[in-house]
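# Residue-level structure breakdown
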Amino acid sequence: MMEKLEYLVNGAKYDAACTSSGADRKAEPGGIGSAVSGGCCHSFAADGRCISLLKVLMTNACIYDCAYCVNRRSNDIPRVTFTPEELAELTIQFYRRNYIEGLFLSSGVLRSPDYTMERMIRVVELLRVQYRFQGYIHAKTIPGASPELVWQLGVLADRLSVNIEFPSEQSLRQLAPDKTRQAILAPMGQMHQWMQGNRQALEIQAPAHRLPAARRAAPRFATAGQATQMIIGATPESDYQILRLAQGLYHKYELKRVFYSAYIPVLEHSLLPALDTKPPLLREHRLYQADFLLRQYHFAAEELLAPEAPNFNPYLDPKCNWALLHPEFFPIDVQRAGKETLLRVPGIGSRSATRIVAERRSVKLDFAALKRMGVVLKRAQYFILAADHPRGLHLPGETVARALIDPKIFAFGMEQLSLFSPGGLGLPGAGDVKNLREATEEAVLVMGRSAYA
Amino acid sequence: MREPVPRDVVYQYDGSLEGFYCCLFESLRRGELPAALEDAADAQPRLFAPVWIETDPAHALRVQRSIGEKIAPRALHLTETVFLSCLEEKELHLLHFLLRGWREGAGFLRRGWSDPQLALLLKAERHLAHEAHLLTGFVRFSDYDGHLAATITPKNFVLPFLAPHFAARYRGEHFMIFDKTHRAALIHQPGGSRIVAAEHIEFPAVSAEEARYRALWKHFYDTVAIEGRENPRCRMTHMAKRYWENMTELQPEKAPLPMIESGAEPAIL
Ligand code: SF4
């Protein structure tokens with residue numbers, strides 16, 4: 001069992017998933033578990049990532065041959081498979097001890113997509129019906145599986161996802177020859193319809209015996225929505241292309257999350273980065289920041305990046321970069337501006353924006369008050385008007401740029417900078433400088449001159 | 001209301017919320033503002049003997065009502081939450097807060113974080129809520145013959161905030177969470193939970209089955225981290241070291257745990 005677990009965790013661990021989900025379910029009498037909508041981290045791994053779910057593959061055997069995957073058919077590794085009973089029992093025992101918030105189940109393709117899905121459904125069915133498990137379940141559907149089975153999995157699980165794998169069709173074709181863009185997007189569209197409650201679109205009866213009693217009358221499909229994931233850094237797409245794709249997926253399919261996974265070379269392949277290439281972690285980080293701005297801060301992909309400058313600024317987070325390039329938008333009067341406007345100020349986050357809007361009717365906001373409310377003045381001060389600074393600070397662009405430099409860049413290190421191609425911004429790349437200090441100094445000069453003049 | 005006059009006296013009380021309300025009652029009745037309020041359990045040696053305030057439930061109730069009605073329900077909620085927090089000199093801060101509330105009415109509560117005095121209490125409240133939230137994930141139960149038990153060592157008194165979460169999640173189970181810092185335990189049986197004082201709790205020996213799940217979990221934990229991406233600083237910001245002592249997966253490897261294989265596994269490959 002120990003060895004099995006190791007193989008099947010190793011095969012699944014590069015997948016990102018978290019539970020900040022929107023699933024909110026009370027425990028039912030005689031059952032175990034509940035789901036909380038805010039999400040809950042149960043631990044943090046040595047790599048700093050939140051551990052919330054038992055993230056495993058049902059099997060690491062696979063009939064497909066995706067070039068970037070350790071489980072590919074042509075790779076010579078031992079193959080192991082959980083029985084549905086083993087996996088359900090393991091989930092429950094981990095859950096009772098409060099190790100986990102639920103299960104994140106994915107799988108290699110065993111015999112056929114449908115056969116694999118049947119077994120996955122069996123795991124989830126055991127949990128929901130036999131153990132009456134009310135905790136969170138996220139399952140990954142198998143590309144090419146029949147819609148009936150996707151439906152069955154979806155009424156039992158909280159969230160489903162289909163991985164889009166790569167940001168462009170061409171890359172997918174080259175690296176995952178057994179998968180097609182169509183086989184990925186079709187179920188996404190189908191699931192989107194089901195989630196909106198469009199039962200006509202499905203013409204499928206949920207086999208009632210497979211559902212827990214409480215859900216039989218009105219089965220609902222994946223109430224926590226669907227998500228997807230793509231690998232970045234393995235293929236040549238720009239950040240602009242990736243972000244536009246994510247934005248399109250959010251709009252078209254109302255995805256709850258798009259996850260980005262920095263490619264870690266596991267296999268030698270002529271179309272993939274060499275084995276000693278480092279995963280582009282800083283780039284992945286910038287993508288997550290930008291993704292957050294799309295979902296929570298009302299930004300559009302086209303505001304953050306453009307065809308002429310299609311990649312992120314490694315030195316600044318995307319919001320600061322935007323602010324530096326848009327002096328005409330500032331300064332913002334904190335006493336009057338709407339919440340959406342406040343959210344665009346560097347150093348003001350959603351918590352401090354909410355506090356400002358709630359409290360400013362009873363008080364004139366000065367820098368000291370803003371600071372107590374959680375505003376990071378080091379950044380915000382250049383962009384706002386406050387009671388004690390009615391005309392704002394007018395400082396040289398360099399000073400502003402220096403204050404905005406993302407200190408995380410030093411934690412990521414020089415190596416990450418070298419994985420960037422900040423083309424079009426005129427910024428120093430890794431080849432132009434001796435160390436990070438010098439790189440940021442140079443960047444401050446360039447940004448101060450060109451942007452916030 | 002007559003403004004109490006600052007005096008160089010220390011009130012001592014039994015550490016309960018009711019006792020604290022009685023200190024307020026006395027302060028108002030005597031028209032004096034004590035220099036400190038202290039829980040008898042952690043009394044400091046002093047030159048002058050502190051004034052002992054007896055807990056009288058009737059007085060406590062009057063104060064509690066007055067906070068809710070004369071100031072605002074939110075003021076009462078904030079008071080009772082901050083009272084469970086680990087804010088230094090919380091009693092004195094609350095005393096000043098409530099005197100201001102009675103003087104100015106509910107209006108000043110709207111100033112929220114922009115007001116220094118309120119910000120201090122709101123911060124203490126948030127610190128407690130945050131710790132409770134973290135612990136809903138970090139609590140680790142062990143199974144002792146069908147009963148689940150866990151130990152925590154929180155800074156704030158979070159058990160009342162953990163109770164509804166775990167009671168809903170494990171409603172059909174028997175479980176206990178022992179708060180070693182505050183010497184109290186949350187005890188749940190199907191049908192209800194309660195919090196009791198508990199000086200010390202002796203845990204029985206760990207069964208082979210329990211050891212097996214611990215080992216599997218630890219192995220999962222070690223495996224799921226992506227090698228080459230170690231980030232101790234990030235792990236530490238999300239999960240402060242002080243929580244580690246009670247978390248199964250972060251215990252140093254002791255004697256090799258018994259590994260029981262589940263016998264013949266159906267081979268489907
Ligand atoms: S389908 Fe492709 S990515 Fe998925 S397990 Fe098989 S080889 Fe790996």
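Right, let's walk through the structure included here. (Residues numbered from 1 in each chain as written. Chains lettered and ligands numbered in written order. Predicted model: local features only at pLDDT ≥ 70, side-chain atom pairs only at ≥ 80, totals over all residues. Heavy atoms only, no water.)

## A closer look at the overall build of chain B
In terms of regular secondary structure, chain B is built from eight helices and 10 strands. For 269 residues, the compact-globule estimate of 2.2 N^0.38 gives 18 Å, and the C-alpha radius of gyration of chain B, at 24 Å, exceeds that figure by more than 25%. For chain B, the spread of C-alpha atoms along the principal axes amounts to about 85 × 40 × 40 Å. Within chain B, the proportion of its 269 residues that are buried is 48%. If you sum the accessible surface of chain B, you get close to 13,700 Å²; carbon and sulfur atoms cover 56% of it. Both charge centroids of chain B, one from 32 positive and one from 36 negative side chains, sit 7 Å from each other. (Helix = DSSP H or I, 4+ residues; strand = E, 2+ residues; numbered from the N terminus. Rg over C-alpha atoms; globule rule 2.2 N^0.38 Å. Buried < 20%, exposed > 50% of the residue type's maximum accessible area, 1.4 Å probe, protein only. Areas by Shrake-Rupley, 256 points an atom, 1.4 Å probe, with all protein chains shown as cover. Lys, Arg positive; Asp, Glu negative; His and termini not counted. Charge placed at Lys NZ, Arg CZ, Asp CG, Glu CD.)

## Description of the sheet that holds strand E8 (residues 174-179) of chain B
Within a beta sheet, neighbouring strands are joined by backbone hydrogen bonds and run either parallel or antiparallel to one another. Residue and element names in this part refer to chain B. In space, the five strands of this open sheet follow the order E6-E7-E8-E9-E10, with mixed pairing throughout. With one partner strand each, in any of the chains shown, strand E6 (142-144) and strand E10 (192-197) form the two edges of the open sheet. The average angle at which neighbouring strand axes cross in this sheet is 20°, direction not considered. (Pairing = 2+ DSSP bridges. Axes fitted to C-alpha atoms, helices over the stretch in contact; angles between N-to-C directions.)

## Structural notes on the packing of aromatic side chains
For any pair of aromatic rings, geometry is given as the distance between the ring centres together with the angle between the planes. For the coordinates displayed, the defined rule picks out 29 aromatic pairs over all chains. Each ring, one from tryptophan 151 of chain A and one from phenylalanine 221 of chain A, has its centre 5.5 Å from the other, and the planes form 15°; the classification is stacked. With tryptophan 151 of chain A in helix H4 (residues 147-156) and phenylalanine 221 of chain A in the loop between helix H7 (213-216) and strand E7 (226-232), this pair connects stretches of sequence that are 70 residues apart. Looking at phenylalanine 221 of chain A, the relative accessible area reads 5%, which means it is buried. Aromatic rings pair up to connect Tyr95 and Phe133 of chain A together with Phe141, Phe166, Tyr170 and Phe175 of chain B into one cluster. A cation sits over an aromatic face here: arginine 355 of chain A above tryptophan 113 of chain B, 3.7 Å from the ring centre. In this structure, arginine 437 of chain A is placed above the aromatic ring of phenylalanine 410 of chain A, and the distance from its NZ or CZ to the ring centre is 4.7 Å. (Phe/Tyr/Trp six-rings, centres within 6.5 Å; stacked < 30°, edge-to-face > 60°. Lys NZ or Arg CZ within 6 Å of the ring centre and 35° of its normal.)

## Here's the deal with the nonpolar core
Counting residues in hydrophobic clusters, the biggest one holds 208 residues, and the most contacted among them are Phe94, Leu243 and Leu370 of chain A together with Phe97 of chain B. The greatest single-element share of this core, amounting to 10 residues, is contributed by helix H5 (residues 116-138) of chain B. One finds Ala149, Ala185, Ala198 and Ile201 of chain B within the second-largest nonpolar core, a separate group that totals seven residues. (Core = buried A, V, L, I, M, F, W, Y, C linked by side-chain atoms within 4.5 Å.)

## Quick look at the pattern of salt bridges
Under the defined criterion, the tally for this structure stands at 33 salt bridges over all chains. With a closest N to O distance of 2.9 Å, aspartate 158 of chain A and arginine 128 of chain A form a salt bridge. With aspartate 158 of chain A in the loop between H4 and strand E6 (159-161) and arginine 128 of chain A in helix H3 (residues 113-130), this pair connects stretches of sequence that are 30 residues apart. Per residue, the accessibility class of aspartate 158 of chain A equals that of arginine 128 of chain A, and both read buried. Arginine 100 of chain B is the partner of aspartate 115 of chain B in a salt bridge, and the nearest nitrogen-oxygen pair spans 2.8 Å. Here aspartate 115 of chain B, found in the loop between helix H4 (90-104) and H5, pairs with arginine 100 of chain B, found in helix H4; they are 15 residues apart in sequence, far enough to count as distant. Pair check on accessibility: aspartate 115 of chain B and arginine 100 of chain B agree, each one buried. Put simply, Arg7, Glu26, Arg29, Arg30 and Glu32 of chain B are held in one network by salt bridges that share partners. (Salt bridge = Lys/Arg side-chain N within 4 Å of Asp/Glu carboxyl O.)

These values are about where atoms sit, not about what they do.
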